[in-house]
Amino acid sequence: MRVRFAPSPTGFLHVGATRTALFNWLAARHSGGVFILRSDDTDQERGSDEFYADILDGLNWLGLQWDEGIEVGGPYEPYRQSERLERYSEVAARLAADEKAYRCFCTAAELDERRKAAQAEGRPPGYDGRCRTLEPSEVAGRLEANEPAVLRLAVPRPGTTTFQDVVREEVSFDHEHVEDFVLLRSDGSPTYHLASTVDDVDFEITHVVRGEDLLSSTPKHILITEAMGAAPPAYAHVSLLLGPDGRKLSKRHGDTALHSYRNGGFLPEAVLNYLGLLGWSFGDDESIFSTAEMVERFELDDIQKNPAVFDNDKLLWMNGVYIRELELDDFIARTRPLVEADLGREFTVEDLETYRLVAPLIQERMKVLTEAPDQVRFLFVSDVAYDDAAWKKVLAKPEARVSLEGALSRLSDLGEWVSESIEGALREMLAELGLNASKGLQPVRVAITGSRISPPLFESLAALGKEESLRRLRDVFGRL
RNA sequence: GCCCCCAUCGUCCAGCGGCCUAGGACGCCGCCCUUUCAAGGCGGAAACGGGGAUUCGAAUUCCCCUGGGGGCACCA
């Protein structure tokens, strides 16, 4: 099995395209085949190096290693269409010579007008084929006179193209609805249909796994392949990813670029797992599974036919699951840079010790890694930012003074500053003052962390250290 | 307008003629745990779009309707 992912560097790597890449990769790995990465960069206008790099970065981040293709090379290089232009011209010339393609001199304006007229009359809007019957001598003459011309495929008429799609089974198109489409533009450059198809033939692709948006272009690709005298590959058209509104997922739905998930604190394993669940399932009612397990079970023909809505909440949940599964050291290694960036400084040895104490606590309560700074900031800054609402709802209450005073006296006398002893001291305080845990402890939490929401209190105090904890309690008490 | 594809809880999947009074996951609701927030545990509400046909029997097969999606470029 030889499959390919052939993005066009005209935009950032999109999650929908990423899922297509994943399915290609899975199919290759499952079958022991070859996964090829090709760059469909015939569009000089919109393509850019930035997009190209973004695509490579994204695939690398996810670990979707390709065996052959751009950057890594291979027996069929080059794998960038912009470097294969001669080959497309060669194929086009050959098709023209074999009379499987012909020159068309119709101008864009003429075509547009006829298309509109056809549509208005309810006829298929495609090219009407009028240049197909031009005399060879006339064609030669107009070419000689440098009249602009495109090359079109002479689609067999009447006719039908039928193929067995791996996910959709039999699909059929009457050629009445397949126009004599353009192979070569008037400047001699190849269209997507030509370039992509020639590459699939040349690279000996066995299975074309791509988005459903290309389903209706497939007869064109099969026709080109046959005109080249080659056998078409198997096609597997994967349904599209939809936004919450049920429309094709696009920029308008917000973060659709893969890199925004990476930057947003998502783990590659979680993204892979989630994407794998969109249109495919592990079976056994399991929704959490490793990439290796996916490879073991993946089959192209198990892919779901209907489009899937991308559910951010479920991805978020899943990412939380993966975060909790991280080894502590790994978790620290991934979140430390985020915290340091937030603080605007690197961790000191003491900072790292402090962070090691709270890391396991925050690890349990995060959905994305980028939440880390907010959760631990109070430990590393000297001027805590007090949340207005928290101050009003907790510290402004009469019992706050009582509880802070009690905590202050109990904690000042504490010898060993660890969470167990701190808890013991504060519980004694609660009993003595007759306060319940909520009333008695929340003021301490707010005084220490600045917020009503924080990691567990006793551990937080332990991590903060005795001196600084007492300083904050005293400071807040003084301000009441 | 024309062509193609699709159709199970709000969402993602399971189901491939009887095991279905339709199962799991996210989300939602309730309870428990609990110093907050999470996490975790337990429970709950929630779907086979409609109509025909085949069959002893249809979520599962066929047809029509409806609905949704995609495509109709000298873009990819």
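Residues numbered from 1 in each chain as written. Chains lettered and ligands numbered in written order. Predicted model: local features only at pLDDT ≥ 70, side-chain atom pairs only at ≥ 80, totals over all residues. Heavy atoms only, no water.

*Asks:* What is the right way to look at the overall build of chain A in this model?
*Replies:* Helix and strand content of chain A: 20 helices and twelve strands. Taking 480 residues into account, the globule formula puts the C-alpha radius of gyration at 23 Å, and chain A, at 32 Å, lies well above it. Dimensions along the principal axes, computed over C-alpha positions, put chain A at roughly 105 × 45 × 40 Å. The proportion of buried residues among the 480 residues of chain A is 50%. Partitioning the intrachain contacts of chain A with sequence separation of at least 6 by distance along the chain shows that 74% fall at a separation of at least 24. A total of about 22,800 Å² of accessible surface is found on chain A, and carbon and sulfur atoms cover 48% of it. Here chain A carries 55 positive and 82 negative side-chain charges, and the mean point of each set is 5 Å from the other. (Helix = DSSP H or I, 4+ residues; strand = E, 2+ residues; numbered from the N terminus. Rg over C-alpha atoms; globule rule 2.2 N^0.38 Å. Buried < 20%, exposed > 50% of the residue type's maximum accessible area, 1.4 Å probe, protein only. Contact = heavy atoms within 4.5 Å. Areas by Shrake-Rupley, 256 points an atom, 1.4 Å probe, with all protein chains shown as cover. Lys, Arg positive; Asp, Glu negative; His and termini not counted. Charge placed at Lys NZ, Arg CZ, Asp CG, Glu CD.)

*Asks:* What is the right way to look at a negative patch on the surface in this model?
*Replies:* Taken together, the side chains of E169, E299, D301 and D302 present a region of like negative charge at the surface. Relative to the helices and strands, E299 resides in the loop between α10 (291-297) and β12 (308-309). (Patch = residues over 30% accessible without salt bridge, like charges linked within 9 Å, V, L, I, M, F, W, Y side chains within 5 Å. Salt bridge = Lys/Arg side-chain N within 4 Å of Asp/Glu carboxyl O.)

*Asks:* Sorry, what's going on with the pairing of strand β10 (residues 234-238) here?
*Replies:* Here is the key point about a regular strand: its side chains alternate between the two faces of the sheet. With four of five residues buried, β10 lies mostly within the body of the structure. The pairing of strand β9 (residues 207-211) with β10 spans five bridges and is classified as parallel. By the bridge assignment, V209 is partnered in β10 with A236. In this region the chain leaves β9, passes through helix α7 (residues 218-227) and returns to the parallel neighbour β10; the handedness of that crossover is right-handed. (Pairing = 2+ DSSP bridges. Right-handed = clockwise from strand over helix to strand, strands pointing away.)

*Asks:* How do you make sense of the sheet that holds strand β5 (residues 150-153) when you look at a structure like this?
*Replies:* Strands in a sheet are paired, the pairing made by backbone hydrogen bonds, and the direction either parallel or antiparallel. With antiparallel pairing, the three strands of this open sheet are ordered in space as β4-β5-β8. In this open sheet, the two edge strands, each paired with only one partner strand, are β4 (101-104) and β8 (182-184). In this sheet, adjacent strand axes meet at a mean angle of 45 degrees when their direction is disregarded. Strand direction decides the pairing type here: β5 and β8, joined by two bridges, are antiparallel. Paired with L151 across the strands is L184, a residue of β8. (Axes fitted to C-alpha atoms, helices over the stretch in contact; angles between N-to-C directions.)

*Asks:* What's the story with the pairing of strand β7 (residues 169-174) in this structure? I'm lost.
*Replies:* As defined by bridge partners, strand β6 (residues 160-165) adjoins β7 across six bridges and the pair is classed as antiparallel. Across the sheet, the residue bridging to T160 is D174, located in β7. The loop that links β6 with its antiparallel partner β7 comprises three residues.

*Asks:* How should the protein's contact with RNA strand B be read in this particular structure?
*Replies:* Near RNA strand B there are 67 residues, and of these R168, R185, G279, R365 and R445 occur at the shortest range. The sugar and phosphate moieties of RNA strand B supply 72% of its atoms located within 4 Å of the protein. Contacts to RNA strand B include Y192, whose backbone N or O atom sits 3.1 Å from a phosphate oxygen. Within the backbone of D285, a nitrogen or oxygen atom sits 3.1 Å from a sugar or linking oxygen of RNA strand B. Among the elements of the structure, α4 (108-120), β5, β7, α6 (192-202), β12, α11 (312-325), α18 (437-449) and α19 (457-464) are those that each provide at least two residues to the surface near RNA strand B. A class-by-class count of the residues in the surface near RNA strand B yields 24 nonpolar, 19 polar and 24 charged. (Near = heavy atom within 4 Å. Polar contact = N/O pair within 3.5 Å; in protein donor to acceptor, adjacent residues only side chain to side chain. Nonpolar A, V, L, I, M, F, W, Y, C, P; charged D, E, K, R; others polar.)

*Asks:* Looking at this structure, I do not really get the side chain of T449. What am I missing?
*Replies:* Mapped onto the fold, T449 is located in helix α18. Residue T449 is classed as buried on the basis of its relative accessible area, which comes to 8%. A polar contact of 3.0 Å, which involves the side chain of T449, links it to the backbone oxygen of S451. Leaving out residues up to four positions away in the same chain, T449 has contacts with F378, V384 and S454.

*Asks:* Where do I start with the confidence of the model for chain A in this structure?
*Replies:* Detailed reading of the predicted model is not advised wherever pLDDT is low. With 100% of its residues at a pLDDT of 70 or more, chain A has an overall mean of 93. Reported confidences for the modelled complex are a pTM of 0.94 and an ipTM of 0.94. (pLDDT = per-residue confidence, 0-100.)

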